[in-house]
Amino acid sequence: MKNNKTAILIFANSAEFEATQKRFQSSKTLFNALNKQTVAVVEKTGLPYFLSSEKDQNGFSFGERFTNAIQSIYDRGYDNIVTIGNDTPHLKPQHIYKAVTQLQQSDVVLGPSKDGGFYLMGLKKSHFNAEAFLQLPWQTSILNQSISKLLSTYKVTVTYLEILSDIDTFLDVKTVLNSFKHLSKYIKQLLQQYISVEKKIRTFLFSSVETNLQKLLFNKGSPVLLPIPVKTGYSRTFKN
């Protein structure tokens, strides 16, 4: 796919950093696989792409780092950007193709995620407002809703892609595995391993709590000694 005016921004941290933020079992291995898959998906489009990780991001908050990363791509001379993350296992080249195509007709393209954010955003340079971006509630469940409201205020045309699931929690992993969408064999195996280990941990914790509770409720040992009040020479009279 040839489009000299459009570049892809992969805004994704390294697997080492993700492992400290998303504490999955073997999360470093999982996100290393997801990073490799994301780059492979992007390379299939034939479009120029740039990877922005925690090693070269500038800013204190997520919003600042993301806004600065987008601006850096525009500063390279590109008119359109399609930005994605690394935690959407079902992302395919077709999603990027569609975003690039829709940017010829719409000002913004959003790929909503089930948690209220988005896994993809296509944006024209002419409609990029850094100040407005910084005010958005990044990394919250109302992000997609807030972006839609902001764009409607400025009368910007938006095209939405299909909803996909990204991976942030245990429930997200279950949702991805229960979906009928295709997963790579290796990533599917890693997610299944995580589910298996997580279930064992939860079962162990529940069993431990239940056992301790039973010991407390059915203790047949010596009764608990209660404090006995001691009389002193002090007395006090209460009057209404």
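Values in this document were obtained by computation on a predicted structure and should not be read as measured data.

Trainee: I'm lost on unusual backbone geometry in this one. Help?
Mentor: Across residues other than glycine, the phi torsion is negative in most instances, and most of the peptide bonds are trans. With phi around 60°, Gln139 is a residue other than glycine that occupies positive phi space. Tracing the backbone shows Gln139 in the loop between helix H5 (130-134) and helix H6 (143-153). Here Gln139 falls in the exposed class, since its relative accessible area comes to 64%. Residue Lys155 is not a glycine yet carries a positive backbone phi of 55°. Assignment of secondary structure puts Lys155 in the loop between H6 and strand E6 (158-160). Assessed through its relative accessible area of 75%, Lys155 is described here as exposed.

Trainee: Would you mind showing me how to read the packing of aromatic side chains here?
Mentor: Here the distance between the centres and the angle between the planes together describe a pair of aromatic rings. Tallying each qualifying case throughout the model produces 11 aromatic pairs. Note on Phe11 and Phe62: the rings are 5.5 Å apart at their centroids and 90° apart in plane angle, and the pair reads as edge-to-face. Placement of the pair is Phe11 in strand E1 (residues 6-11) and Phe62 in helix H3 (residues 62-74), with a sequence separation of 51 residues. A relative accessible area of 10% places Phe11 in the buried class. A centroid spacing of 5.1 Å and a plane angle of 70° characterise the contact between Phe128 and Phe133, whose relative ring orientation is edge-to-face. Using a relative accessible area of 8% as the deciding quantity, one classes Phe133 as buried. Clustering of aromatic rings is evident, with ring pairs tying together Phe11, Phe62, Phe66, Tyr74, Phe118, Phe128, Phe133 and Trp138.

Trainee: Hey, could you run me through helix H7 (residues 170-178) in this one?
Mentor: Residues of H7 that are buried include every one of Phe170, Asp172, Val173 and Val176, and no others. Down the axis of H7, the smallest arc covering the buried residues is 160°, so these residues share one side. The exposed residues of H7 that point more than 90 degrees off its buried face are Leu171 and Asn178.

Trainee: For this particular structure, what's the right way to read the nonpolar core?
Mentor: As a rule of thumb, soluble globular proteins bury nonpolar side chains together. With 24 residues, the main nonpolar core has Leu9, Phe66, Ile70, Phe118, Met121 and Phe133 as its most contacted residues. Secondary-structure elements contributing two or more residues to this core are E1, H3, strand E4 (108-112), strand E5 (118-124) and H6. A per-element tally of this core places H3 first, with five residues. Residues within four places of Phe118 in sequence aside, it is in contact with Phe66, Leu110, Gly111, Pro112, Ser113, Trp138, Leu143 and Ile147. Within the second largest apolar cluster, 18 residues are counted, among which are Ile8, Val41, Tyr119 and Leu161.

Calculation notes
- Residues numbered from 1 in each chain as written.
- Predicted model: local features only at pLDDT ≥ 70, side-chain atom pairs only at ≥ 80, totals over all residues.
- Heavy atoms only, no water.
- Helix = DSSP H or I, 4+ residues; strand = E, 2+ residues; numbered from the N terminus.
- Buried < 20%, exposed > 50% of the residue type's maximum accessible area, 1.4 Å probe, protein only.
- Phe/Tyr/Trp six-rings, centres within 6.5 Å; stacked < 30°, edge-to-face > 60°.
- Arc of directions from axis to C-beta.
- Core = buried A, V, L, I, M, F, W, Y, C linked by side-chain atoms within 4.5 Å.
- Contact = heavy atoms within 4.5 Å.

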